[in-house]
Amino acid sequence: MLKVGVLGAGHLGKIHLRLLQQSDKYELVGFYDENQENAERISKEFGYKNFNTIAKLIHAVDVIDIVTPTLSHYKCAKVAIKSGKHIFIEKPIANTVDEAEEIIALAKEYNVKGQVGHVERFNPAFIATKNMIENPMFIETHRLAEFNPRGTDVPVVLDLMIHDIDAILSVVNSKVKNINASGVSVISETPDIANARIEFENGCVANLTASRISMKNMRKTRFFQKDAYISVDFLEKKCEVVRMKDAPEVPGDFDMILQNAEGVKKQIYFTNPDVEQNNAILDELNSFADAINTDTTPVVTLEQATDALRVAYQIIDCFDK
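Thresholds applied
- Residues numbered from 1 in each chain as written.
- Predicted model: local features only at pLDDT ≥ 70, side-chain atom pairs only at ≥ 80, totals over all residues.
- Heavy atoms only, no water.
- Helix = DSSP H or I, 4+ residues; strand = E, 2+ residues; numbered from the N terminus.
- Rg over C-alpha atoms; globule rule 2.2 N^0.38 Å.
- Buried < 20%, exposed > 50% of the residue type's maximum accessible area, 1.4 Å probe, protein only.
- Contact = heavy atoms within 4.5 Å.
- Areas by Shrake-Rupley, 256 points an atom, 1.4 Å probe, with all protein chains shown as cover.
- Lys, Arg positive; Asp, Glu negative; His and termini not counted.
- Charge placed at Lys NZ, Arg CZ, Asp CG, Glu CD.
- Polar contact = N/O pair within 3.5 Å; in protein donor to acceptor, adjacent residues only side chain to side chain.
- Pairing = 2+ DSSP bridges.
- Axes fitted to C-alpha atoms, helices over the stretch in contact; angles between N-to-C directions.
- Phe/Tyr/Trp six-rings, centres within 6.5 Å; stacked < 30°, edge-to-face > 60°.
- Lys NZ or Arg CZ within 6 Å of the ring centre and 35° of its normal.
- Salt bridge = Lys/Arg side-chain N within 4 Å of Asp/Glu carboxyl O.
- Parallel < 35°, antiparallel > 145°, perpendicular 65-115°, else oblique.
- Nonpolar A, V, L, I, M, F, W, Y, C, P; charged D, E, K, R; others polar.

## A word on the overall build of the chain
Thought 1: Check the secondary structure of the chain and you find 9 helices and 14 strands.
Thought 2: At 22 Å, the chain has a C-alpha radius of gyration in line with the 20 Å of a compact globule built from 321 residues.
Thought 3: Looking at the 321 residues of the chain, the share that counts as buried comes to 50%.
Thought 4: Sequence-distant contacts in the chain: of pairs separated by 6 or more residues, those separated by 24 or more amount to 67%.
Thought 5: Of the accessible surface of the chain, which amounts to about 16100 Å², a share of 48% is contributed by carbon and sulfur atoms.
Thought 6: Taken as two groups, the 36 positive and 46 negative side-chain charges of the chain have centres that lie 2 Å from each other.

This is how it looks when you write it as structure tokens:
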């Protein structure tokens, strides 16, 4: 079992602490939170060991789980890596692309592994369909959330849309060619609603919408590719696959047949792949332990998370044009 310590005991940090204690791959040594009053309260309530300095916690573990505000990700990662510790960082990897690239360079220099918490990669509906997503040419995402002041210190692109940016980059095997986007600040100092169009070199187009001022929550992505349409509901953890195949010579009474202008007939097949329910956060943390123990590449690498951050900032840059 890998000895692990958590930096940051806010809303998400407390979830990580609970799950790491449940995990059979980690030994939870303790945590550090700069708000010592909050730290003492959590330690008293849940029994986790509270370290009074980051240095003491880092010294006592093999892995550091960074669940602090984004502004401090780089500083925390730098200290942990230079101490030879593997790092798990919540998304986004850092506050700037330059910081993210330095984290990558340091991890290579000190020969440690890093993984970033793009948790939707572990969403069971996405896992159930990922192998069916082959060369999508149009992707549409909607990530809508009810207002929560907890995330408004950063633009909605870094708070919400970055989940979909990462998921899209993981299935489109092509470089980004062009980005157009617009964002509107409604209640925050930074944009609360944004739309982006990402064009890839292979011709694929992704249209992303994110909002944190919606009346209801929604997290849906649709992938369109030759002869197939794949719908993934990240919130409800459901998925649907619609395939088109050449119609049989003699269709059955209940077969759905479409005929185009050229007279070509296609049959439509609907399938709902089995979705195995999981705890995505626990799975991503456990997958990182497996990567360390087997010396393999983590599921969400520091480089992939940096690519997602780079695209996010290209989108944000469009707002000022």
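Okay, back to it.
## Considering the side chain of His86
Thought 1: Tracing the backbone shows His86 in strand S4 (residues 86-90).
Thought 2: A distance of 2.9 Å separates the side chain of His86 from the backbone nitrogen of Lys113, its partner in a polar contact.
Thought 3: Setting aside residues no more than four positions away along its own chain, His86 makes contact with Asp62, Val63, Ile64, Val112, Lys113, Phe288 and Ile292.

## Thoughts on the sheet that holds strand S5 (residues 114-117)
Thought 1: Judged by pairing direction, the sheet is parallel, and its 5 strands sit side by side in the order S2-S1-S3-S4-S5 without closing on themselves. Strands with a single pairing partner mark the edges of an open sheet, and in this sheet they are strand S2 (26-32) and S5. Here the strands of the sheet are splayed against their neighbours by 20° on average, with no regard to which way each runs.
Thought 2: As paired elements, S4 and S5 share 4 bridges and run parallel to each other. Looking at the pairing, Glu90 lines up with Gly117 of S5.
Thought 3: Across the face of the sheet, helix H8 (residues 280-294) comes into contact with strand S1 (2-7), S2, strand S3 (63-66), S4 and S5 while running at roughly 155° to S4.

## Thoughts on the pairing of strand S8 (residues 193-200)
Thought 1: Here S8 shows one buried face, formed by Ala194, Ala196, Ile198 and Phe200, and one open face, formed by Ile193, Asn195, Arg197 and Glu199.
Thought 2: In this sheet, S8 lies alongside strand S7 (residues 176-184) in antiparallel orientation, the contact comprising 8 bridges. Within S8, the position partnered with Val176 by the bridge is Phe200.
Thought 3: Once S8 ends, the chain turns through 4 residues before running back antiparallel as strand S9 (residues 205-211), passing Gly203 with a positive phi of about 100°.

## Comments concerning the packing of aromatic side chains
Thought 1: This model, assessed by the stated rule, comprises 5 aromatic pairs.
Thought 2: Between Phe138 and Phe224, the ring centres sit 5.8 Å apart and the planes meet at 40°, which makes this aromatic pair tilted. Taken together, the residues Phe138 in strand S6 (residues 138-144) and Phe224 in strand S10 (residues 218-225) connect sequence positions 86 residues apart.
Thought 3: With centroids separated by 5.0 Å and ring planes inclined at 35°, the aromatic side chains of Phe224 and Tyr229 adopt a geometry described as tilted.
Thought 4: Members of the aromatic cluster, each reached through a chain of ring pairs, are Phe138, Phe224 and Tyr229.
Thought 5: Over the aromatic face of Phe234 sits the side chain of Arg143, whose NZ or CZ is 5.7 Å from the ring centroid.

## So, the pattern of salt bridges
Thought 1: All told, the structure shown has 12 salt bridges when counted by the stated rule.
Thought 2: Close ionic contact of Lys113 with Asp295 constitutes a salt bridge, the shortest N to O distance being 3.1 Å. With Lys113 in the loop between helix H5 (97-109) and S5 and Asp295 in the loop between H8 and helix H9 (302-319), the pair connects residues that are 182 residues apart, well separated along the chain.
Thought 3: Two residues, Arg212 and Asp192, come together in a salt bridge whose shortest N-O distance is 2.8 Å. Of this pair, Arg212 sits in the loop between S9 and S10 while Asp192 sits in the loop between S7 and S8, and the two are 20 residues apart along the sequence.
Thought 4: One network of salt bridges, with partners in common, ties together Glu120, Arg143, Asp164 and Arg219.

## Structural notes on the packing of H5 against H9
Thought 1: Put simply, H5 and H9 touch, their axes get as near as 9 Å, and they point 170° apart. Here H5 is positioned roughly antiparallel relative to H9, judged by the angle of their axes. In this structure, H5 uses Val97, Ala100, Glu101, Ile103, Ile104, Ala107 and Lys108 to contact H9, whose residues at the interface are Leu302, Glu303, Thr306, Leu309, Arg310 and Tyr313.
Thought 2: In terms of residue class, the contact of H5 with H9 is made up of 8 nonpolar, 1 polar and 4 charged.

## Regarding unusual backbone geometry
The phi torsion of most residues other than glycine is negative, and most of the peptide bonds are trans.
Thought 1: Cis geometry is found at the peptide bond from Lys91 to Pro92, where omega equals -10°.
Thought 2: The backbone of Lys237 sits at a positive phi, close to 60°, despite the residue not being glycine.
Thought 3: For Lys237, the location among the structural elements is in the loop between strand S11 (228-233) and strand S12 (238-246).
Thought 4: Residue classification places Lys237 among the partly exposed residues on the basis of a relative accessible area of 25%.
Thought 5: The phi torsion at Asp295 lies on the positive side, around 50°, for a residue other than glycine.
Thought 6: Owing to a relative accessible area of 61%, Asp295 belongs among the exposed residues under this scheme.

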